[in-house]
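Survey of secondary and tertiary structure
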Amino acid sequence: MTEPSGETAPEAPEDGAPTDDVREDAREGAAEPAGQGPGAAEEPAAAEASAAGEPAAAEEPTATGESAEAEEPAEAEGPSTAVPAAEESASAEGPASGEESPAAGGAAPAAETGADPADAGDTADPADEPTGGRAPEASGEDVGDDPDRESAGAGGDDTAVAAGEAGAAAAADAPELTDAQAELAAQRELRARIEARKADKEGTLASGAKLSGTAADLLAAVRAVEGGTASGSTFYEAPEPAPRRTAPEAAPAMTVRPPVPAQASAPAPGTTAAVREVLAKGGAPEALAEQVAAVLGESAAQVLLDDPWQLLAVPGVRPEQADGFARALLGAACGPDDPRRTVALTVWLLERAALQGHTALEIDTVRAGLTGHAVPDPGSAVEEAVSAGAVLVFQEEETAEEPAEGNVEDTEDAEDDEAPAAGEGPASPVLLGLDRYALAEESLADGLARLVRTATADTWEGSELERAAGAHGLVLHTGGEASRAEPVALAAAARGRGLRTLVVVHADAGRHALGPAGADAVTVAALLSGAAGPGRDEEGAFALDLLVVLDAPQLDVETAAMLVESLPDGCRLVLGGDPGVLGAPGAGQVFGDLLAARVCPRIASRLPDPGPLGELVSGIGAGELNQVEAPGKEIVIVPVRDAGEAVHRTVQLVADSVPRAIGVPAEQTQVITVGHGGSAGTRALNTALKQRLNPGPGRFGGFDPGDRVAYAEVPGRTATGTVLSADAEGLRLRCGDAEVLVPKERVETALRHGWALTAHQAAGMRWPAVVVVLPGDAAGGLSRPWVYTAFGRAERHLSVVHGVDQALPRAVAEGTAPERTTRLRPLLEALLAVPEE
């Protein structure tokens, strides 16, 4: 949902992958209150394009005369030894004001002028902007809403210019790139290799006069599977394992490949000018020209003239806006059933689903989505998209020996409807997906099967985890924060056996949480980019015998595929993490699918998290919000009546009460809330916290030296840091132990203030003190994984600004996260036999 421009917001890098915030907002959207659906209005382009920084600083809080002791967590808020419901129920609140502007009017994509295309994502997924709540009047602060930063990116992954081969001298002269840029290039290289391998395995199939090859085969698959005359396996056989690498007797000479330029070059001026003319002709904002040129390439202008609905490929553009653009260009020649429109809408629906974690959607879900966008014949539209090769169709067969639960009832219903006998008709839903995620899931399944089959079983003495790792190529380890010590100990023991071993974590903060052992750990991004970890051989395989991955639930399917594809034959892989936390910010649920597939040993840690916080979080994981004794003020409940009071009390806790009563300074206290929008979302909280902790005009793109920021250099990973300075090159940050330069052209899109984060952004990181804000209008966004993740980020102290009354215990008891539709589990089960229990 678009809002007045102000605080800058991270957008995806130039390659166009969606940021972690868009993904988390899309997921959180499923549980948001109604009233902000896909048809929500968006702001005019002029309002977005004219945004040039933060709004004027609001007045300083007027609560300076209040007694400091009155804000003490332990003394002012009653007993601090339990987690009860709020003392007063949240007052009824009307719709939040200022959250929406009138519809842009016309047909042009007016909300997205390059400043904040992710706002369209918010309106499509009604979760980010909680309804209700009044302005934060209690604190005397004028807290405005800033624009959402959750962008779907500036371009598609496949638009980046691949780097050519370079000699040693050229590599030495090449500009030094960041880890994230090199990782993005590695992703493109992996996808190209996967596509080439699959092309070698699948020949062209003659399929008729008008269509041939894969397109005709896919169209036949849809018709045959839906009609019950054939199963999906007739057209899509289980993927074969990837070709085996010959394990060398001696370690090969290792070379670290020079980083490959990850960002596509800027569009040529002529291309941008041509696109600008077409946009102006169709009534679309000319500010979109660079984005369109980056996504659609050198022939972007002609592509738009031939198919105006290709504008939907630009992140943030809505279907109704693309429809208006098409009407302006084509006139009466276009209609709601135009094949160009239906294909573009089908792809758009699947891309939106990927932001919510799905790698595929059931065909009926896609048809329903098309119906919602006034497509007269959704069935034919799906067939058209399949025949054009824009989407793929899948169906996984269930084995007759182990029917899934509920199949007995389904069979009885089928008999009542005179359906085909069991085994003759389709046994599972028909799925539609995009090729990038299909290739990633199949490559990941192949790679995992290769590791399982090529590992040499050995007898290792030690813990249960060590024994399992010695006997198997793939092992899963589950447990809370304290259990991370067990896979780290496994890695140390493996090094003692002479094995080449590495521990990787999701975020840089995870390395510091490991203590002294973190000195040898690296992040997934640094490993894949070559900035850290072992070198690669001529085939691109890491010099490793054992890889231990912590925070495995944060792995999306594309990152996991790259990681597994880079492991040599015989390498052991241990994936560890807490299955109760929120899932990966990208598409897929790798860790959950592996646990459900039961194709490898699963070791559950028996090491509990210590103290009152550990007891509280463990109970939440089991679906119980227990009363916990906290004699050291480890847990404090702060009841509030509305969102305005929630903002005021949060500022008081961070700036005064927690430092004074708990001894944790403000810079080590993190605020976590449900979403970015609303009267107590991250934008409102960050505005209020900046006014109190580091007031300033925001003269550097909305930021001042000393500001706390959230930096999303690549989608899915948010790093927190502090602004050091600014110069002609950009903004300089301190993120952990490293100094980071954010180019000036990316300051507006890659940064946001970071005193307050969402739980998805905070996953994989921990702080000495955490303040979780639960205003009444955010109750619809709560779930057990959300509460488990947010509360589990605290190491020493947790304050809960509680305004949701009984919604909190209800969410813990009943609020499971929405299921993601993926294909990894059946692919693994088809490749690997279920081990004996």
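It should be emphasised that the depicted structure is a prediction, and the values quoted were computed from it without experimental measurement. (Residues numbered from 1 in each chain as written. Predicted model: local features only at pLDDT ≥ 70, side-chain atom pairs only at ≥ 80, totals over all residues. Heavy atoms only, no water.)

On to the overall build of the protein. Helix and strand content of the protein: 30 helices and 19 strands. For the protein, the residues scored as buried account for 56% of the 837 residues in total. By sequence separation, contacts in the protein at least 24 residues apart represent 80% of the contacts at least 6 residues apart. Carbon together with sulfur atoms contributes 51% to the accessible area of the protein, which is approximately 32600 Å² in total. (Helix = DSSP H or I, 4+ residues; strand = E, 2+ residues; numbered from the N terminus. Buried < 20%, exposed > 50% of the residue type's maximum accessible area, 1.4 Å probe, protein only. Contact = heavy atoms within 4.5 Å. Areas by Shrake-Rupley, 256 points an atom, 1.4 Å probe, with all protein chains shown as cover.)

Using the criterion set out here, one finds eight cavities of 30 Å³ or more in the structure. By volume, the second largest cavity amounts to about 190 Å³. Lining the second largest cavity are 19 residues, and of these Glu481, Arg484, Asp551, Gly577 and Asp578 sit closest to its centre. (1 Å grid on protein atoms, 1.4 Å probe; cavity = no way out; pocket = protein on both sides within 12 Å on 5 of 7 lines; lining within 4 Å. Points joined across faces, edges and corners; volume = space filled by probe spheres on them.)

Across four bridges, the pairing between strand S13 (residues 717-726) and strand S14 (residues 730-735) is antiparallel. Note that in S14 the partner of Ala726 across the bridge is Leu731. Between the antiparallel neighbours S13 and S14 lie three residues. (Pairing = 2+ DSSP bridges.)

Right, let's get into the sheet that holds strand S18 (residues 767-774). Reading across the sheet, the five strands line up as S10-S19-S18-S11-S17 and stay open at both edges, with parallel pairing between neighbours. Single-partner strands in this sheet number two, and they are strand S10 (635-639) and strand S17 (756-758). Taken over all neighbouring pairs, the strand axes of this sheet differ in orientation by 25° on average, direction set aside. Where strand S11 (residues 669-673) lies against S18, five bridges are found, and the strand directions are parallel. Of the residues in S18, the one forming a bridge with Thr673 is Val773. Strands in contact with helix H25 (residues 682-693) are S11, S17 and S18; relative to S17, the strand with the most contacts, it is inclined by about 165°. Across the sheet, helix H28 (residues 784-791) is in contact with S11, S18 and strand S19 (794-802); its angle to S18 comes to roughly 145°. (Axes fitted to C-alpha atoms, helices over the stretch in contact; angles between N-to-C directions.)

This brings us to the pattern of salt bridges. Inspection of the entire model under this criterion finds 20 salt bridges. Measuring nitrogen to oxygen at the nearest pair gives 2.9 Å for the salt bridge that ties Arg340 to Asp338. For Arg340, a relative accessible area of 28% gives the class partly exposed. In this structure, the salt-bridge partner of Arg699 is Asp704, at a minimum N-O distance of 3.5 Å. (Salt bridge = Lys/Arg side-chain N within 4 Å of Asp/Glu carboxyl O.)

Time to look at the sheet that holds strand S4 (residues 474-478). Taken together, six strands build an open sheet; the order of strands is S6-S5-S7-S8-S4-S9 and the sheet is parallel. Of all strands in the sheet, those with a lone pairing partner are strand S6 (522-523) and strand S9 (602-604), marking the two edges. As paired elements, S4 and strand S8 (residues 572-577) share five bridges and run parallel to each other. Bridge pairing in S8 places Leu476 opposite Leu575. Along the sheet face, helix H18 (residues 485-496) touches S4, strand S5 (501-505), strand S7 (546-549) and S8 and points at about 160° away from the line of S5.

What follows deals with the packing of aromatic side chains. In this description, a pair of aromatic rings is defined by centroid distance and the angle of the planes. Tallying each qualifying case throughout the model produces zero aromatic pairs. The ring of Phe394 has Arg823 sitting right over it, with the charged end atom 3.7 Å from the ring centre. (Phe/Tyr/Trp six-rings, centres within 6.5 Å; stacked < 30°, edge-to-face > 60°. Lys NZ or Arg CZ within 6 Å of the ring centre and 35° of its normal.)

Moving on, we come to the side chain of Asp642. Tracing the sequence through the fold places Asp642 in the loop between S10 and helix H24 (643-662). A polar side-chain atom of Asp642 sits 2.8 Å from the main-chain amide nitrogen of Glu645. (Polar contact = N/O pair within 3.5 Å; in protein donor to acceptor, adjacent residues only side chain to side chain.)

Let us now look at the pairing of S11. Most of S11 sits out of view: five of its five residues are buried. With burial as the criterion, each face of S11 is covered, one bearing Thr669, Val671 and Thr673 and the other bearing Gln670 and Ile672. In this sheet, S17 lies alongside S11 in parallel orientation, the contact comprising three bridges. Among the inter-strand pairings, Ile672 is bridged to a residue of S17, identified as Leu757.

Turning to unusual backbone geometry, a few remarks are in order. The backbone of Ala374 sits at a positive phi, close to 65°, despite the residue not being glycine. Relative to the helices and strands, Ala374 resides in the loop between helix H13 (363-372) and helix H14 (378-387). With relative accessibility at 49%, the residue Ala374 sits in the partly exposed group.

Turning next to the environment of Pro568. Relative to the assigned elements, Pro568 resides in the loop between helix H21 (557-565) and S8. You can call Pro568 buried: its relative accessible area is 15%. Remark: the alpha-carbon pair of Pro568 and Leu544, spanning 24 residues in sequence, is separated by 7.4 Å.

Interaxial distance between helix H17 (residues 464-471) and H18 falls to 9 Å at its minimum, and their mutual angle equals 55°. The pairing of H17 with H18 is recorded here as oblique in orientation. The way H17 lies across H18 gives a crossing that is right-handed. Residues Leu465, Glu466 and Ala469 of H17 pack against Glu486, Pro487, Leu490 and Ala493 of H18. Residues of the contact of H17 with H18, tallied by class, amount to five nonpolar, no polar and two charged. (Parallel < 35°, antiparallel > 145°, perpendicular 65-115°, else oblique. Left-handed = near helix turned anticlockwise from the far one by under 90°. Nonpolar A, V, L, I, M, F, W, Y, C, P; charged D, E, K, R; others polar.)

In contact at an axis separation of 9 Å, helix H22 (residues 590-597) and helix H30 (residues 824-831) are set at 40° when each is read in the N-to-C sense. By the angle class used here, H22 and H30 are oblique. Our pair here, H22 against H30, has a crossing hand that is right-handed. The segment H22 lies against H30, with Val590, Asp593, Leu594, Ala596 and Ala597 engaging Leu824, Arg825, Leu828 and Glu829.

Overall, the predicted model of the protein reaches an average pLDDT of 74, with 64% of residues at or above 70. Element-level mean pLDDT values for the protein span from 36 in helix H4 (residues 119-124) up to 97 in S4. Predicted confidence for residues 203-211 stays below pLDDT 50, and this span has eleven contacts to residues more than four positions away or in other chains. Segment residues 399-426: pLDDT under 50, and nine contacts once partners within four positions in sequence are set aside and those in other chains are kept. (pLDDT = per-residue confidence, 0-100.)

What follows deals with the environment of Glu189. Position of Glu189 among the secondary structure elements: in helix H6 (residues 179-201). A relative accessible area of 34% means that Glu189 is categorised as partly exposed. Through-space distance from the C-alpha of Glu189 to that of Met562 is 9.5 Å; in sequence the pair is 373 residues apart.

As a further point, take H28. With seven of eight residues buried, H28 is to be regarded as a mostly interior element. What H28 keeps buried is the set Pro785, Trp786, Val787, Tyr788, Thr789, Ala790 and Phe791.

This part takes up the nonpolar core. Leu279, Val292, Leu547, Leu573 and Leu575 are the most contacted members of the largest nonpolar core, which totals 90 residues. With nine residues, helix H12 (residues 339-355) is the single largest residue contributor to this core. If we skip the residues at most four places from it in the chain, Leu279 touches Ala284, Pro285, Glu286, Leu288, Ala289, Val292, Leu304, Leu311 and Phe325. Grouped together as the second largest cluster of nonpolar side chains are 38 residues, Ala507, Leu582, Val674 and Val772 included. (Core = buried A, V, L, I, M, F, W, Y, C linked by side-chain atoms within 4.5 Å.)

For the rest of this paragraph, the subject is the environment of Ile603. With respect to the element layout, Ile603 can be found in strand S9. Along the sequence, Ile603 and Leu465 sit 138 residues apart, while their C-alpha atoms lie 6.4 Å from each other. Setting aside residues no more than four positions away along its own chain, Ile603 makes contact with Glu464, Leu465, Ala468, Val475, Leu476, His477 and Thr478.

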